[in-house]
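Residue-level listing of the chains:
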Amino acid sequence: MKEYNISTLIAITMDITAENQVKTGTVLLDAVATHDSVRVNVDDKMISLLMSESSSRKDVHEAIKAGALRPDIMPFARQYLQDNLMPKISPLRQDDFCTQIIESMRADKKVSDGFCNTMQNLYANQQYLDFATYADLYALSITNLPSGVVTSPEDMIFLTQESRRCPLDNAELWKKSRKKGTPFIYTYQIIQIYPEDLPDELKPVFNAIHLPPRSLDSDDNRIAVCSNCAKKYLDDPNPDDYRRLVESKRAYKTKQASEKISASSAIEDEIVMIIQAIASIEGGTHLEPFTDVLKIKEKILPENNLLEEAVRNDVVRYYPFIEKQFSLLDDVGMSTFNVIRSEVTTCYEKYEREGLEQSEIVYELTEWLLTANRLGRKLRIAASIVISFFIQNCAVFKPHNLNVDVAELTEESL
Ligand SMILES: [Zn+2]
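A brief report on the enclosed structure follows. (Residues numbered from 1 in each chain as written. Predicted model: local features only at pLDDT ≥ 70, side-chain atom pairs only at ≥ 80, totals over all residues. Heavy atoms only, no water.)

Below, the discussion takes up the coordination of the zinc ion. Cys-166 (SG), Asp-169 (OD), Cys-226 (SG) and Cys-229 (SG) make up the full set of protein donors to the zinc ion, lying at 2.2 Å. Its 4 donor atoms give the zinc ion angles of 92 to 121 degrees at the centre, a pattern that matches the tetrahedral case. As a motif over one chain, the donors of the zinc ion read C-x2-D-x56-C-x2-C. Classification of Asp-169 by relative accessible area gives partly exposed; the value is 41%. (Donors = N, O, S within 2.8 Å, 3.2 Å for Na, K, Ca; no water. Tetrahedral: all angles 85-135°; square planar, octahedral: opposite > 155°, others 65-115°. Buried < 20%, exposed > 50% of the residue type's maximum accessible area, 1.4 Å probe, protein only.)

Now the structure itself:
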């Protein structure tokens, strides 16, 4: 675990005391929440929202958070934990409790070394009650939200898998927000398809439907569902829902595989179209003179950087294919190839001297390639792959030699 906060502490404490999430969370929060000056009602829902693995995770209630930092509440919390938490920690697990907390604090860069050392000393001196009090008040006082992001990229992958709809009841997993600054409201949670804590008596029924994957933490066992269904399924996993989750995961994977195949053959077709267009050019081609650096910079949007990254990967992937297409051309085609190559080389070197990034040059040359050959913008990705191929040629190819050793072209050289 890379973060230390209340959800971490609840998870560790659950394991040590062998109590459920709600009971454990309630004890840890009530140490502050039941104080006369705080008086916050802690319920099941509050605990499950604190523990959510997705962006629906909530922060600690403000009054509890503020209370955890008040010196006058500390003795109260200490007494509360002495009565309600310490009796549940077996002497056999006391060391585990302390070392797991210290380890997760040390792994979290936001926890200062000084505080980690304080905890280490309390543990070394066997001041277990003070240790637990500090661990709890500290966890309650800091943010419980996952580090800085609304939704992790990983979450997005699981979300798009379900095309925004819950596989169990078809509810929307996220919707546009009307509030400024928050573009989306997320209403999903990522759950395990085969639940880790599945009761033993249900295992044969579940296994008969579909055997669990070797690791329950693997992506194959994770799926996004709406918060309502997540809660229902986690509290009461039933075979019907399990079957539907397994099936929608399988359907998604099949769809993904077929999309991958058709996408890659579409790109290859487009590359062939571009190369044929290049080969049919009569006479020399001329690049528009380079005029305005700013104009290009404006055109490069941040999302294009990701595209360029993808293009770089594509060049590695399509390099042998492009090379083969060119070698299939007749002599005329070959000489066109040489013309294009020298044009691209000249232009690339010129733009490079002007201080443009390679991605900007690829962008500009792609536009040129499409315009010069009267090709539609639809072919932009394929065209940028071809341009990247030529740019790599400038650096890697020996003059008038097409028989380059592809193996020499490592990802690094791109
Ligand atoms: Zn649902």
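Ranked by size, the top nonpolar core spans 48 residues in total, and within it Ile-6 and Ile-64 carry the most contacts. Elements that contribute at least two residues to this core include exactly helix H1 (6-17), helix H2 (21-33), helix H3 (44-51), helix H4 (62-68), helix H5 (74-84), helix H6 (94-107), helix H7 (113-124) and helix H8 (128-141). Among the elements that line this core, the one with the most residues is H8, at 8 residues. Look past the residues within four positions of Ile-6 in its chain and what remains in contact with it is Leu-28, Leu-29, Leu-50, Val-60, Asp-136, Ala-139, Leu-140 and Asn-144. In terms of nonpolar packing, the next biggest core, distinct from the first, is built from 32 residues, Tyr-319, Ile-322, Leu-365 and Leu-369 among them. (Core = buried A, V, L, I, M, F, W, Y, C linked by side-chain atoms within 4.5 Å. Helix = DSSP H or I, 4+ residues; strand = E, 2+ residues; numbered from the N terminus. Contact = heavy atoms within 4.5 Å.)

Among the secondary structure elements, Asp-130 is positioned in helix H8. Given a relative accessible area of 19%, Asp-130 falls into the buried group. Setting aside chain neighbours within four positions, we find Asp-130 in contact with Arg-78 and Leu-122.

Time to look at the packing of aromatic side chains. For the structure shown, the criterion picks out 7 aromatic pairs. When the centroid spacing of 6.3 Å and the interplanar angle of 5 degrees are considered together, the rings of Phe-115 and Tyr-134 count as stacked. Of this pair, Phe-115 sits in helix H7 while Tyr-134 is found in helix H8, placing the two residues 19 residues apart along the sequence. On the accessibility criterion, Tyr-134 (30% relative accessible area) is partly exposed. Relative to Tyr-242, the ring of Tyr-194 has its centre 5.7 Å away and its plane inclined at 80 degrees; by these criteria the two rings are edge-to-face. A residue pair is termed long-range when its members are at least 10 positions apart, and Tyr-194 in the loop between strand E3 (188-192) and helix H10 (203-209) and Tyr-242 in helix H12 (residues 239-279) qualify at 48 residues. (Phe/Tyr/Trp six-rings, centres within 6.5 Å; stacked < 30°, edge-to-face > 60°.)

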